[in-house]
2 protein chains.
Amino acid sequence: GSGADNDLYINQAIVFIEDAIQYRSINHRVDSQSLWLYRWYYSKTCQWILSLTITVILALAFIEEPSSLTVTSDVRYRLPAWNPPCGLTESIELLCFLVFVVDVAVKSYLIGWKEFWKNKWLMAYILTLIVSLTDWIVSLSFFCKESVRIRRILRPFFLLQNSSMMKKTLKSINSTLPEMASVLLLLAVHLCLFTMFAMLLFARTKDNQQDKEWVVYFRNLPDSLTSLLVLLTTANNPDVMIPAYSKNRAYSIFFILFTVLGNLFLMNLLTAIIYNQFRGYLLKSVQSSLFRRRLGIRAAFEVLSSLKETPASAQQSCVSVGALLQVLQRVEMDSRCKQAIMRSLKMCSCDQLSAAQFQKLFEELDKDAIKQHPPSPEYQSHFMQKMQFTFGHPYFGYLGNVVALANIISICVVLVIDADKQPSERDDFFLGAINCFFILYYLLEMLLKILAMGLKRYLSYPSNRFDGLLTVILLILEIATFAVYGFPHPGWRPELMGLLSLWDMVRLVNMFIVFRFLRIIPNMKFMALVVTTLLDLVKNLRAFAGILVVVFYAFAITGIMLFKGAVVPLGNTSFNFLIQTFSIKKVVVLYFKEKKVISWCSAHFQAEVIYCLLYILSVHLICRWAKIYFVAWWLISSVIWVNLFVALLLENFIHKWDRRCHRESLSDIEYQRTVELMFRDVLEEPTEEELMEKLHQHPHLQLCR
Amino acid sequence: GSGADNDLYINQAIVFIEDAIQYRSINHRVDSQSLWLYRWYYSKTCQWILSLTITVILALAFIEEPSSLTVTSDVRYRLPAWNPPCGLTESIELLCFLVFVVDVAVKSYLIGWKEFWKNKWLMAYILTLIVSLTDWIVSLSFFCKESVRIRRILRPFFLLQNSSMMKKTLKSINSTLPEMASVLLLLAVHLCLFTMFAMLLFARTKDNQQDKEWVVYFRNLPDSLTSLLVLLTTANNPDVMIPAYSKNRAYSIFFILFTVLGNLFLMNLLTAIIYNQFRGYLLKSVQSSLFRRRLGIRAAFEVLSSLKETPASAQQSCVSVGALLQVLQRVEMDSRCKQAIMRSLKMCSCDQLSAAQFQKLFEELDKDAIKQHPPSPEYQSHFMQKMQFTFGHPYFGYLGNVVALANIISICVVLVIDADKQPSERDDFFLGAINCFFILYYLLEMLLKILAMGLKRYLSYPSNRFDGLLTVILLILEIATFAVYGFPHPGWRPELMGLLSLWDMVRLVNMFIVFRFLRIIPNMKFMALVVTTLLDLVKNLRAFAGILVVVFYAFAITGIMLFKGAVVPLGNTSFNFLIQTFSIKKVVVLYFKEKKVISWCSAHFQAEVIYCLLYILSVHLICRWAKIYFVAWWLISSVIWVNLFVALLLENFIHKWDRRCHRESLSDIEYQRTVELMFRDVLEEPTEEELMEKLHQHPHLQLCR
């Protein structure tokens, strides 16, 4: 009936507006049941469960069998890690898989059969789930004793497929691959030609004293190739040329040519190419988000305009204010935006809204939230007003910075004086007394500021929140110290009591004081700019970071599988001998040095890799797989990812810089900046035709006109 | 008289046009004598003498007293370098100074008294000369035994002041300094805060086994600062965290945070800032060159229009064709351009030229020289025509590439087989025979191509010239080998005869063959693009390279002066012991590794520095000056210069890439590309008003109207 129809339209409008707010695609089923399912699927609870499941399945690696969840990384000292009994991690895994099965089923149903076949990500999702479940069954039937577990390598896929940003980013990276491949090919040609030159140049001679270069670096083709590849990472830079250079200075020309061509030109060319490809990346992505938002709003308008209550006589389609109010009340959105829209809707004199008016209403969503700090309390007493003026003045903040600096310097001085003292000679009195005084000042500063600004206004500034939190922590630590060890006095050097020794407490306090010193950042203009750029970058980088986690995870798991069993604790002496061996350092150095991005994840698996290599070298068997693994690792993590990062940073920073020049004057107002806002001046609004064309292509929505 | 006036005007026009061609400023004296002096000063001979003088005075460092012009760099083996007697280098220096005195006098006279006072470069030039001459006199009066020679550090200034491009670049770099300084300050704050954290975190404990981290890296404030600074260069990346990491994995978080913030964010921020500042640099510089050219032409027009023969009645000023022809015949310029201008001048029907026509005539200067290859010879015989078709076809070139590849592969195979053989076991027959065959093929290929294309057309392609030259060299080497050692036969292993052993000859031939393989580059599209970008870059980079030479030279001379006397050859054993010492490696590594730009110049002075440090460490005296010297070196050569280079590369590459997309279709025509042409589409023509305003500001030229 017409009432049911109206209900459906209202529901559709609600979902479309929510899609617009979240920048989601509107290409999903739009019948009543599906809409209910859709809202349920995208509800906070459901999405939170999904994220939790992904986190859990990724985190399983830390407790699964070749676990390295030990305090020390040294195989000689560490206790055997706890290995969960067979079936524990497997049952958690099964639970996760079940959640993923539900997820894929709901997703597939919601986008509809036709769209499903076009969606390669969903197909890959299903395939991954099938493979994982099969592998799981195999694993259980071997009682967890099987050696290869494919499903572990596949796990990061679940993280990948859940984020539309990551999928988009991956697509962008994919499109730069041909150019990157060309440069890498060029790099390979460069490497091969120079390897041949090197082998001809540093050939074996009759004099054994003279061919050190040949013996150490260019003994055969794989050795030469490795030497030059490592030179490309600059890890063995002076070493590799020293024997030849001390024979004849002219040999350095070869190495200089190689380094300049390879490192300076070709490597930076890679940066240039990636930057060139990524120049429009951010803008394009923000532009498509804007299109999705406008499309969602427009779709909501179209369905609302089909409501029966609308007078059919009107030439242009339009929406009644009442219907929109009804929709708005049920839409889940930021309460500030909702109130602003309601307010402007009420102020609007007309009863019907045209498409343009409708869009204009929702432009509130794109606007900066200008932060209003609550007002300071108004004191009656003249003395209090004077106090308020004094301690609310910026100079009081500057004084606080100066005191913090003085504290830092005093800590620094004590550290320098105490540097070489035995722990038993150390006198904690001086530092204790100083810190006690400074912390009292910080407390006083905080209280006076609260007095001057009022608690609400004080807390509305992020810098004050940071300050206050640290002051409270410091106060608690100091009180705890005094409670356990009494007040400081000369020769104040008590023994360990309770959890931490006095010295550890003092160190902890000092660290917090150093950390608190960061409050000076917003006071320095350039620093503030840099820090906000970096924070923006972190926001924009989430997708990249996600892809990095995917790559790290896959590499770590592959490494564990490849080098399993190679981790054999060696005796103390031979271990030290090997540590000193030069050649091992080179391989490890290739692995560590150039991997400028050390994530916690990888750090976790490092020890294994070192010991594996030690073992491998100790039996004089150089593992080809290890070499290939490390070269691939270097290429992906160091060369490609770092360049991508540089490209993004350039893009972000240059936009930010340009903007800074534009609105120098507005800098007092604090904006809650988002990527979308950064590009607002450059973005193009989609035209009405584009929107309507897209709407007519909707697979499930039949528009009346 | 009027005739003398006319002569002066003609001379002025000639000089202005020459200024325009060379992109020189026209702000110099314009009376007859000055013009003669000006043309003499900018004549090829004079400029060549000046360049030679600069080269000579810079090259003096290689033979002056602490000279390192020896074959080996190893102080244990090398013979004492030849030290020139006192007075030899000094007299050469004096000659150079005299040339510079003449240079500065002429330059100062030519720009005039008023301008002289505004020109800081000229003042600095005079000051440098005075200081140098004083130092020279002091030096001679001490009979070359004085310890400090300031004039050596000042030498690179002579190179700097002689190049307008370098001066301009320096100005650009100067304008980015404030931003760079901000980031460096941020880096310093980052370093200091983390140093304090580190000292608190890795403090001395009671257990001696446990505080390895403290002993090796964080013993006191300077040590900690150095450790973290070196970590910022990634030189000690895994080592510095290993002791702490094997104690507790969580310590890695500290190092990861430090590396990510410092290396990934702040260092790349520096790249972003420098790129942002340099984005318009090339364009701006080309734009100002264009302005100088247009201004020179316009000035020539103005002086020619003041000639008495011009009818005064004309409302607009104009120039007679005859006068212009007279000027053109005496102007020194590229003959192709001159002919083109003459031709279009003769084709022009009118007798008088307006300013616009005049400018248009000289636009020939900006045009690409489209290279016309001479035609192939036309053969009568049918057989010869077929031959010509076959061997002139691109496929024949591809066949040549395939053969070259086969040759490379064969050499590679022989190298791999022979890798571990003793020199006495080696049989040179196989390689000799193969190379003989291939070189014959190369000769045949060259001859057939010459037959098909004719010698002139063959030589007009750069790839053929490269090919032909290498083929001729290979042929000569091969003939020489056969002449000395006879034809190859199994067991062909003769003893050394003459200058080079057979093995050396074969190696030399092989190297040339590998080098010849580079002829494939133009056949691969992307490679060709990259290579032309790199060649363009090299052209644009001359100014940067010059500044780099200046910095290198100053650092090298300072290093020699600072570490003089520290170079003491140590006994063999202690030397080896020290080489193995870890701590020395770290300092040297800081010096070498990150200095990704190793120029020949620095390589020349490296050995000294190593031995200096060895000596310094061996007497347990860490030289603070050395540390400061190396940190300054790292900052300037590695951080700032490399970032400048990346910025330029990005700028160049992105322009090139955009252009490639524009004129994909025109790629068959070979252009002689210059920087000016690269930007032609973007350049703005200066307006008539701007030109005339600038002309009226000329300090020496009084225009009639």
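Here we summarise the structure given alongside this text. (Residues numbered from 1 in each chain as written. Chains lettered and ligands numbered in written order. Predicted model: local features only at pLDDT ≥ 70, side-chain atom pairs only at ≥ 80, totals over all residues. Heavy atoms only, no water.)

## Focus: the overall build of chain A
Broken down by element type, chain A carries 31 helices and two strands. Burial analysis of chain A (705 residues in total) assigns 50% to the buried set. Pairs at least 24 residues apart make up 76% of the contacts formed inside chain A by residues separated by at least 6 positions. (Helix = DSSP H or I, 4+ residues; strand = E, 2+ residues; numbered from the N terminus. Buried < 20%, exposed > 50% of the residue type's maximum accessible area, 1.4 Å probe, protein only. Contact = heavy atoms within 4.5 Å.)

## Focus: the environment of B:Leu440
Among the secondary structure elements, B:Leu440 is positioned in helix H20 (residues 429–453). Separated by 196 residues in sequence, B:Leu440 and B:Ala244 have C-alpha atoms that sit 64 Å apart.

## With respect to the environment of B:Leu35
All names here are of chain B. Within the secondary structure, Leu 35 sits in helix H2 (residues 32–41). Take Leu 35: its relative accessible area is 4%, and that puts it in the buried class. Expressed as a C-alpha distance, the spacing of Leu 35 and Met 166, which sit 131 residues apart in the sequence, is 26 Å. The contact partners of Leu 35, leaving out residues within four places of it in the chain, are Leu 8, Asn 11, Gln 12, Val 15, His 28, Arg 29 and Val 30.

## As for the packing of helix H11 (residues 221–232) of chain B against helix H13 (residues 252–278) of chain B
Residues and elements named next belong to chain B. For the pair H11 and H13, the least separation of the axes is 9 Å and the interaxial angle reads 55°. Compared by their axis directions, H11 and H13 come out oblique. In this structure, the crossing between H11 and H13 has a hand that is right-handed. Between H11 and H13, the contacting residues are Leu 228, Leu 231 and Leu 232 on the first element and Phe 254, Phe 255, Phe 258, Thr 259, Gly 262, Asn 263 and Met 267 on the second. Across the contact of H11 with H13, the residue classes tally to seven nonpolar, three polar and no charged. (Axes fitted to C-alpha atoms, helices over the stretch in contact; angles between N-to-C directions. Parallel < 35°, antiparallel > 145°, perpendicular 65-115°, else oblique. Left-handed = near helix turned anticlockwise from the far one by under 90°. Nonpolar A, V, L, I, M, F, W, Y, C, P; charged D, E, K, R; others polar.)

## Concerning the side chain of A:Asp135
Residue and element names in this part refer to chain A. Among the secondary structure elements, Asp 135 is positioned in helix H6 (residues 120–141). Only 3.3 Å separates the side chain of Asp 135 from the backbone nitrogen of Ile 150, close enough to count as a polar contact. In contact with Asp 135, other than residues within four places in its own chain, are Val 148, Arg 149, Ile 150 and Arg 151. (Polar contact = N/O pair within 3.5 Å; in protein donor to acceptor, adjacent residues only side chain to side chain.)

## With respect to the pattern of salt bridges
Residues and elements named next belong to chain A. This model, assessed by the stated rule, comprises 32 salt bridges over all chains. The shortest N-O distance in the salt bridge between Arg 24 and Asp 19 comes to 3.1 Å. Its relative accessible area of 0% is what places Asp 19 among the buried residues. We note a salt bridge from Arg 294 to Glu 685, for which the minimum N-O separation is 2.7 Å. Taken as a pair, Arg 294 in helix H14 (residues 281–305) and Glu 685 in the loop between helix H30 (675–678) and helix H31 (688–696) lie far apart in primary sequence, 391 residues in all. A relative accessible area of 46% places Glu 685 in the partly exposed class. (Salt bridge = Lys/Arg side-chain N within 4 Å of Asp/Glu carboxyl O.)

## Describing the side chain of A:Ser163
All names here are of chain A. By secondary structure assignment, the location of Ser 163 is in the loop between helix H8 (156–161) and helix H9 (164–201). Within the local environment of Ser 163, its side chain forms a polar contact with the backbone nitrogen of Met 165, the two atoms lying 3.4 Å apart. Polar contacts involving the side chain of Ser 163 include one to the main-chain amide nitrogen of Met 166, which spans 3.0 Å.

## A few points about helix H13 (residues 252–278) of chain A
For H13(A), spanning 27 residues, the distance from its first C-alpha to its last is 37 Å, which sits close to the expected 39 Å at 1.5 Å a residue. Most of H13(A) sits inside the fold, with 22 of its 27 residues counted as buried. (Expected span 1.5 Å × (residues − 1).)

## So, the nonpolar core
Residues A:Leu228, A:Phe255, A:Phe544, B:Leu228, B:Phe255 and B:Phe544 are the most contacted members of the largest nonpolar core, which totals 206 residues. Residues contacting B:Phe544, with those up to four places away along its chain left out, are B:Thr169, B:Ile173, B:Phe278, B:Tyr281, B:Trp641, B:Leu644 and B:Leu648. (Core = buried A, V, L, I, M, F, W, Y, C linked by side-chain atoms within 4.5 Å.)

## Digging into unusual backbone geometry
A positive phi angle, close to 60°, is found at A:Tyr23, a residue other than glycine. With respect to the helices and strands, A:Tyr23 occurs in the loop between helix H1 (2–21) and helix H2 (32–41).

## Some words on a negative patch on the surface
Where like charges cluster on the molecular surface, the negative patch consists of A:Glu684, A:Glu689, A:Glu690 and A:Glu693. Locating A:Glu693 in the fold gives a position in helix H31. (Patch = residues over 30% accessible without salt bridge, like charges linked within 9 Å, V, L, I, M, F, W, Y side chains within 5 Å. Areas by Shrake-Rupley, 256 points an atom, 1.4 Å probe, with all protein chains shown as cover. Lys, Arg positive; Asp, Glu negative; His and termini not counted. Charge placed at Lys NZ, Arg CZ, Asp CG, Glu CD.)

## With respect to the packing of helix H24 (residues 525–540) of chain A against H13(B)
It is the contact of H24(A) with H13(B), at a shortest axis distance of 12 Å, that shows an interaxial angle of 105°. Overall, the two elements H24(A) and H13(B) adopt an arrangement that is roughly perpendicular. Residue-level inspection shows A:Phe526, A:Val530, A:Leu534, A:Leu537 and A:Val538 of H24(A) in contact with H13(B), the latter providing B:Phe265, B:Leu269 and B:Ile273. Grouping the amino acids of the contact of H24(A) with H13(B) by side-chain chemistry returns eight nonpolar, no polar and no charged.

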